[in-house]
Amino acid sequence: MSRPRTQAEYLARLVPPSVAGIGRRSLLAGAGAGALLGTGLLAGCGSDSGSGSGSDSKEVSVGSNQSDPQPKGITAKVMDGFKTSSGITAKINTVDHNTYQENINNYLQGKPDDVFMWFAGYRMRFFAAKGLTGDISDVWGKLSGYSDAFKKASTGDDGKQYFVPSSYYPWAVFYRKSVWKQYGYQVPTTLDQFTALGTQMKRDGLTPIAFADKDGWPAMGTFDILNLRINGYQFHIDLMAGKEAWTSDRVKKVFDTWNGLLPLHQPDSLGRTWQEAAQSLQQKKSGMYLLGLFVAQQFGADEQDDIDFFTFPEIDPAIGAKALDAPIDGYMLARKPKSEANAKKLLEYVGSKEAADIMVKNDPTTLVANSGADTSGYTALQKKAAELVGSATEIAQFLDRDTRPDFASTVIIPALQQFIKNPRDIDGLVNSIENQKKSIFTS
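Residues numbered from 1 in each chain as written. Predicted model: local features only at pLDDT ≥ 70, side-chain atom pairs only at ≥ 80, totals over all residues. Heavy atoms only, no water.

What follows is about the overall build of the protein chain. Helix and strand content of the protein chain: 18 helices and twelve strands. For the protein chain, buried positions account for 58% of its 443 residues. Restricting to contacts in the protein chain with at least 6 residues of sequence separation, those with at least 24 account for 77%. As displayed, the protein chain offers around 17100 Å² of accessible surface, 47% of which is attributable to carbon and sulfur atoms. (Helix = DSSP H or I, 4+ residues; strand = E, 2+ residues; numbered from the N terminus. Buried < 20%, exposed > 50% of the residue type's maximum accessible area, 1.4 Å probe, protein only. Contact = heavy atoms within 4.5 Å. Areas by Shrake-Rupley, 256 points an atom, 1.4 Å probe, with all protein chains shown as cover.)

What follows is the structure, encoded as structure tokens:
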């Protein structure tokens, strides 16, 4: 596949046709008691009673998963801009990112906030198909700065729009320039070179690869990139859609390759958050870290110029190293918002050039979705990230966004954590995944 020449061409590849149809399956299939919101951790401010109520209100509630200090502060600045623009106050309900994601099913079926943060891809379309989010096609009629491809990434199976994109970012292998210069390291282009580099880092007293999976999702990025490099984009997408068997030799090869790399990973990862792993890179204790561009949040302003990255190296020359994860984040409307008029005004604002400009000015860790934004303020890291996604031949949304939410949370997270604890029983692992997959995807 040729390289995308424009942003529209890049974005056109974000919605894989092989998973365009979701089907109306049970949303709560496989959900256990642990997913319940008994403590009200993700309680929203919305109402189950008729939409459009509260039209005279000067408030709108926003469910946010931006719980780390930097993105939380940026969200607050965007909402301040909305208040200045509209006179409406956005009340932000911030919840820890992992808690938010794991409890989203119950949240949307209860009393969610008027507007809530979420992701493009399979998981957006899944909730839209279940009627758990509001139609915002009229909002899209007022937006500018988005290509048809961005609109496609925001569209449900019924042809209506349910999502306003805000930002996107690539996953890559990050490192500190000063550390690599000190030891004379060179960017690897093959898996053998990558392994040899990690071995040398160990000799130099560094942890080769920072790693954390306390929250369950970071390890998905490692599985994604290995599967993309070993089996290619289409197999990866079909596997996420339940069309390929987890017991196949192709999947076993992914885990076997990962097993060979685990000795280079930071130990005790199941007790560590991604932020703590990123801090080991920031403190020059680790040599590399496979993560999203948001890793830069853990570095000071005076350290941003010392961050660099490379795309994960080639494993199979016939497949190459041009596919990557580049997820899109944004906002959605509750199915029955308490203040529908205010909520749609907010959605129009967060999709505006003005909101994008605030993000560019304050956030060096993402790329804004609105093409009308002034990106002259991008850091060197952001410019390189934009070039990376522009040169990619295939782009995935990330494992838990490209598959069913119940499959990701109840099967994949515990399976990958079990693999990290015991990487020797690959046959038992994939058999367990496949059996649970059949139950969920046929429900």
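Right, let's get into the packing of aromatic side chains. Taken as a whole and assessed by the stated rule, the structure comprises 28 aromatic pairs. With a centroid separation of 5.3 Å and 25 degrees between ring planes, the pair formed by F223 and W246 is classed as stacked. Remark: W246 occurs in the loop between α11 (233-240) and α12 (249-261) and F223 occurs in helix α10 (residues 218-231); sequence separation between them is 23 residues. Classification of F223 as buried rests on a relative accessible area of 0%. It is K384 that lies over the ring of F309; its NZ or CZ is 4.9 Å from the centre. Over the aromatic face of F441 sits the side chain of R404, whose NZ or CZ is 5.8 Å from the ring centroid. (Phe/Tyr/Trp six-rings, centres within 6.5 Å; stacked < 30°, edge-to-face > 60°. Lys NZ or Arg CZ within 6 Å of the ring centre and 35° of its normal.)

The next thing to look at is the nonpolar core. Judged by nonpolar contacts, the single largest core of 138 residues is most densely connected at F223, W246, F255, W258 and Y289. At nine residues, helix α17 (residues 405-421) tops the list of elements feeding residues into this core. (Core = buried A, V, L, I, M, F, W, Y, C linked by side-chain atoms within 4.5 Å.)

Pairing between the strands of a sheet is mediated by backbone hydrogen bonds and can be parallel or antiparallel. Strand order in the open sheet formed by six strands is β2-β1-β3-β10-β4-β11, with mixed pairing between adjacent strands. For this open sheet the edge positions go to β2 (89-94) and β11 (367-368), each flanked by a neighbour on one side alone. Two strands pair when backbone bridges link them, and strand β3 (residues 115-119) and strand β10 (residues 328-333) are joined in this way by five bridges, in the antiparallel orientation. In the sheet register, M117 faces β10, and the bridge partner there is Y331. (Pairing = 2+ DSSP bridges.)

Bringing the pairing of strand β4 (residues 164-168) into the picture now. Looking along a regular strand, one sees side chains alternate from face to face of the sheet. Among the five residues that make up β4, five are buried, leaving the element largely enclosed by the rest of the structure. Pairing analysis gives four bridges linking β4 to β10, with the strands arranged antiparallel. Opposite Y168, over in β10, you have I328 as the bridge partner.

Over its 13 residues, α12 runs 18 Å from end to end, which matches the ideal 18 Å to within 8%, given 1.5 Å per residue. Looking only at α12, the buried set comprises V251, V254, F255, T257, W258 and L261. All buried residues of α12 fall inside an arc of 160 degrees around its axis, so they share one side. (Expected span 1.5 Å × (residues − 1). Arc of directions from axis to C-beta.)

What follows concerns the packing of α10 against α17. Direction vectors running N to C along α10 and α17 enclose 80 degrees, while the axes themselves pass 10 Å from each other. Classified by the interaxial angle, the pair formed by α10 and α17 is roughly perpendicular. Only A408, I412, I413, L416 and I420 of α17 make contact with α10, whose side of the interface consists of A219, M220 and F223. A class-by-class count of the residues in the contact of α10 with α17 yields eight nonpolar, no polar and no charged. (Axes fitted to C-alpha atoms, helices over the stretch in contact; angles between N-to-C directions. Parallel < 35°, antiparallel > 145°, perpendicular 65-115°, else oblique. Nonpolar A, V, L, I, M, F, W, Y, C, P; charged D, E, K, R; others polar.)

Another aspect to go through is the environment of V95. Note that V95 resides in the loop between β2 and α3 (97-102). Here V95 falls in the buried class, since its relative accessible area comes to 6%.

Of note, the phi angle at D268 is positive, near 55 degrees, even though the residue is not glycine. Locating D268 in the fold gives a position in the loop between α12 and α13 (274-282). Positioned with a positive phi, K284 is a non-glycine residue whose angle comes to about 65 degrees. Checked against the element boundaries, K284 lands in the loop between α13 and β7 (286-292).

A separate point is α13. In terms of residue burial, α13 counts as a mostly covered element, since seven of its nine residues are buried. Taken residue by residue, α13 has W274, Q275, A277, A278, S280, L281 and Q282 as its buried positions. Residues of α13 that are buried make contact with β5 (171-176), β6 (207-210), α10 and β7.

Quick look at the sheet that holds β7 now. Reading across from one edge, β6-β7-β5-β8 is the order of the four strands in this open sheet, with mixed pairing throughout. Of all strands in the sheet, those with a lone pairing partner are β6 and β8 (307-310), marking the two edges. Going from strand to strand, the sheet's axes swing by 30 degrees on average, the running direction of each strand aside. The pairing of β5 with β8 spans four bridges and is antiparallel. Each residue of the ladder has a partner; that of V173, found in β8, is F310. Across the sheet, helix α16 (residues 380-391) touches β5 and β8, and the angle it forms with β8 is around 10 degrees.

With that settled, the discussion passes to the pattern of salt bridges. Enumeration over the complete set of coordinates arrives at ten salt bridges. The salt bridge partner of R176 is D306, with a shortest N-O separation of 2.7 Å. Of the two residues, R176 sits in strand β5 while D306 sits in the loop between β7 and β8, which places them 130 residues apart along the sequence. A salt bridge links D308 to K384, with the nearest nitrogen and oxygen atoms 2.6 Å apart. (Salt bridge = Lys/Arg side-chain N within 4 Å of Asp/Glu carboxyl O.)

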